[in-house]
Amino acid sequence: MKKRTYYILGYGICVSNIKGVTIEKVAELIHSAPQFERQLYLDMLEDKMSPYTKTDYLKQIDLAMVLQSVIAENGVELTIAINDDMDDMSPEYFLLLPPSYPWEKNNTKISLEELTTILNRFTAMISDEKVDVQFFDYGSTS
């Protein structure tokens with residue numbers, strides 16, 4: 001029997017709860033981060049994908065990763081957490097600002113108000129619904 005323990009801790013959003021996301025909105029979000037957009041394009045070229053399949057490729061990209069990369073390009077490093085201990089087998093994805101510790105190199109220090117502003121700014125680009133920024137604090141052992 002395999003034992004697994006994980007803990008999700010930090011302020012952020014549940015990306016899985018974002019509604020009304022379309023490929024066009026995600027493409028616009030990606031376009032707002034030129035370095036990430038260039039790297040994504042280079043990755044597609046490396047995989048020898050034609051520009052015509054770009055839309056299909058974007059459908060497969062994890063939304064949490066896209067948000068994380070775009071926000072990082074704007075100066076805030078967030079962490080992706082995954083709760084895959086769901087009864088319906090659909091994992092939940094979180095984008096969090098975890099607690100900071102003095103020994104960490106990339107210690108992002110921003111207020112909850114600043115974090116809320118940043119997350120609302122970027123989620124508004126992909127959804128018309130407001131996403132709640134909250135503190136997530138739970139874990140699981142299996």
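Residues numbered from 1 in each chain as written. Predicted model: local features only at pLDDT ≥ 70, side-chain atom pairs only at ≥ 80, totals over all residues. Heavy atoms only, no water.

### Some points on the packing of aromatic side chains
Throughout the structure, instances matching the rule amount to two aromatic pairs. Relative to Phe136, the ring of Phe94 lies with its centre 4.7 Å away and its plane at 65°, an arrangement referred to as edge-to-face. Residue Phe94 is found in strand E3 (residues 92–97), and its partner Phe136 is found in strand E4 (residues 134–141); the two are separated by 42 residues along the sequence. Residue classification places Phe136 among the buried residues on the basis of a relative accessible area of 7%. (Phe/Tyr/Trp six-rings, centres within 6.5 Å; stacked < 30°, edge-to-face > 60°. Helix = DSSP H or I, 4+ residues; strand = E, 2+ residues; numbered from the N terminus. Buried < 20%, exposed > 50% of the residue type's maximum accessible area, 1.4 Å probe, protein only.)

### Thoughts on the packing of helix H4 (residues 63–73) against helix H5 (residues 112–123)
At a closest axis distance of 11 Å, the pairing of H4 and H5 adopts a crossing angle of 120°. Our classification of the angle between H4 and H5 gives oblique. Of the two elements, H4 crosses H5, and the hand of that crossing is right-handed. Residue-level contacts link Leu67, Val70 and Ile71 of H4 to Ile118, Leu119 and Phe122 of H5. Here the contact of H4 with H5 is built from residues that sort into six nonpolar, no polar and no charged. (Axes fitted to C-alpha atoms, helices over the stretch in contact; angles between N-to-C directions. Parallel < 35°, antiparallel > 145°, perpendicular 65-115°, else oblique. Left-handed = near helix turned anticlockwise from the far one by under 90°. Contact = heavy atoms within 4.5 Å. Nonpolar A, V, L, I, M, F, W, Y, C, P; charged D, E, K, R; others polar.)

### Thoughts on the confidence of the model for the protein
Detailed reading of the predicted model is not advised wherever pLDDT is low. Residues with a pLDDT of 70 or more make up 70% of the protein, whose mean pLDDT is 79. When mean pLDDT is taken per element in the protein, H5 scores highest with 94 and helix H3 (residues 54–60) scores lowest with 48. The model gives residues 56–60 a pLDDT under 50, and that stretch makes eight contacts with residues more than four places away or in other chains. (pLDDT = per-residue confidence, 0-100.)

### Quick notes on the nonpolar core
Membership of the largest hydrophobic core comes to 25 residues, with the highest contact counts inside it found for Val15, Ile18, Leu67, Ile71, Leu78 and Leu95. A per-element tally of this core places H4 first, with six residues. If sequence neighbours within four positions are ignored, Val15 has contacts with Leu63, Ala64, Leu67, Tyr93, Phe94 and Leu95. (Core = buried A, V, L, I, M, F, W, Y, C linked by side-chain atoms within 4.5 Å.)

### Details of the pattern of salt bridges
In this structure the tally under the stated criterion is one salt bridge. For Lys25, the salt bridge goes to Asp128, with nearest N and O atoms at 4.0 Å. Of the two residues, Lys25 sits in helix H1 (residues 23–31) while Asp128 sits in the loop between H5 and E4, which places them 103 residues apart along the sequence. (Salt bridge = Lys/Arg side-chain N within 4 Å of Asp/Glu carboxyl O.)

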